[in-house]
Amino acid sequence: MATNSWLKRIQNAKKTAIIQNGNRKVHFLMEDGKEMVEEYNMNTNVLVRRAWKEKKDFTENNAGWIVEVGDPEPKLNNIETFGIQESSNTPFITRRNTRTALEWRIRNLPYPISVYSVTVENDATITIRTSNKKYFKKIKVPDLERINLKPEQDRITYTHQYNTLIITYKKPLELLDLEKQVLKEILSLKAANDGEVQCPTS
């Protein structure tokens, strides 16, 4: 069963937990060599960050972290290296997690809400389009892929404020159940306070 396959990866991974800045931070070393770091708010036990690093032969130290949930890594300033720099007005996505929903925030989208459409596609992505042809983006949903589910249109709502499109996806019961089981694994770990253990950081 797909649900169990992800839970097994979590259970079989080598795990180190640390309490840092009010969050429970867990480092996972998966059996296939991939590394994952998750951070959970200590008060709510809600996931606030998930980032991945994959082994890449001799360049693994330079591979960097790919953020799945939470704020993206700060972008390097390319102006000195390449003589160009990405505009600060370029739209970018951040992923959030709440107890009951997955949430995406796409910043730097100044258009009124009437121009947006947010639809589930046959390729299992959530696709954002604007009627003025100014923006197009396909979003994969790894949380659902891990339990072999496709997004459902009726679980999607979206709003627009402060130049930000906020897309909310109501979690299905299967995902809520998986998260509960994963959290049980996390909370069973003995967590050291910051400074007591060395834990890889993202």
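Our structure is the block above this text.
Quick caveat: nothing in here was measured; it's all calculated off a predicted structure.

Visitor: Whenever I open this one, the sheet that holds strand β6 (residues 92-97) confuses me. Can you help?
Guide: Hydrogen bonding along the main chain pairs the strands of a sheet, whether they run parallel or antiparallel. Read from one edge of the open sheet, four strands run β6-β7-β12-β11, paired in antiparallel fashion. The open sheet has two free edges, formed respectively by β6 and β11 (156-161), since each of these has just one partner strand. Pairs of neighbouring strands in the sheet enclose a mean axial angle of 20°, with direction left out of account. Across six bridges, strand β7 (residues 101-107) lies against strand β12 (residues 164-170) in antiparallel orientation. Looking at β12, one finds that Glu 103 is bridged to Thr 168.

Visitor: Looking at this structure, I do not really get the pairing of strand β2 (residues 23-29). What am I missing?
Guide: It is a general feature of regular strands that their side chains alternate between the two faces of the sheet. Among the seven residues of β2, six are classified as buried, and the element is accordingly described as predominantly covered. As defined by bridge partners, strand β1 (residues 14-20) adjoins β2 across seven bridges and the pair is classed as antiparallel. Paired with Thr 16 across the two strands is His 27, which belongs to β2. In this structure, the hairpin formed by β1 and β2 is closed by a connection of two residues, where Asn 21 is found at a positive phi of approximately 55°. Two elements, β2 and strand β3 (residues 35-41), share seven bridges in a ladder whose sense is antiparallel. Looking at β3, one finds that Lys 25 is bridged to Glu 39. Between the antiparallel neighbours β2 and β3 lie five residues, among them Gly 33 with a positive phi of about 95°.

Visitor: Where do I start with the environment of Ile 93 in this structure?
Guide: Within the secondary structure layout, Ile 93 lies in strand β6. Considering only alpha carbons, one finds Ile 93 and Gly 70, 23 residues apart in sequence, at a separation of 9.8 Å. For Ile 93, the contacting residues outside a window of four places in its chain are Trp 104, Arg 105, Ile 106, Tyr 135, Lys 137 and Ile 139.

Visitor: Looking at this model, I keep getting lost on the pattern of salt bridges. Mind explaining?
Guide: Opposite charge on two side chains permits pairing when their charged atoms draw close. Tallying each qualifying case throughout the model produces 14 salt bridges. Across the pair Glu 39 and Lys 25 runs a salt bridge whose closest N-O atoms are separated by 4.0 Å. Within this pair, whereas Glu 39 is found in strand β3, its partner Lys 25 is found in strand β2, the two being separated by 14 residues in sequence. A relative accessible area of 5% means that Lys 25 is categorised as buried. The partner of Glu 38 in a salt bridge is Arg 50, and the shortest N-O contact between them spans 2.8 Å. Of this pair, Glu 38 sits in strand β3 while Arg 50 sits in strand β4 (residues 47-53), and the two are twelve residues apart along the sequence. When its relative accessible area of 7% is taken as the criterion, Arg 50 is described as buried. Three or more residues joined by partner-sharing salt bridges are found here, namely Glu 38, Arg 50, Glu 68, Arg 95, Asp 143 and Arg 146.

What counts and how
Residues numbered from 1 in each chain as written. Predicted model: local features only at pLDDT ≥ 70, side-chain atom pairs only at ≥ 80, totals over all residues. Heavy atoms only, no water. Pairing = 2+ DSSP bridges. Helix = DSSP H or I, 4+ residues; strand = E, 2+ residues; numbered from the N terminus. Axes fitted to C-alpha atoms, helices over the stretch in contact; angles between N-to-C directions. Buried < 20%, exposed > 50% of the residue type's maximum accessible area, 1.4 Å probe, protein only. Contact = heavy atoms within 4.5 Å. Salt bridge = Lys/Arg side-chain N within 4 Å of Asp/Glu carboxyl O.

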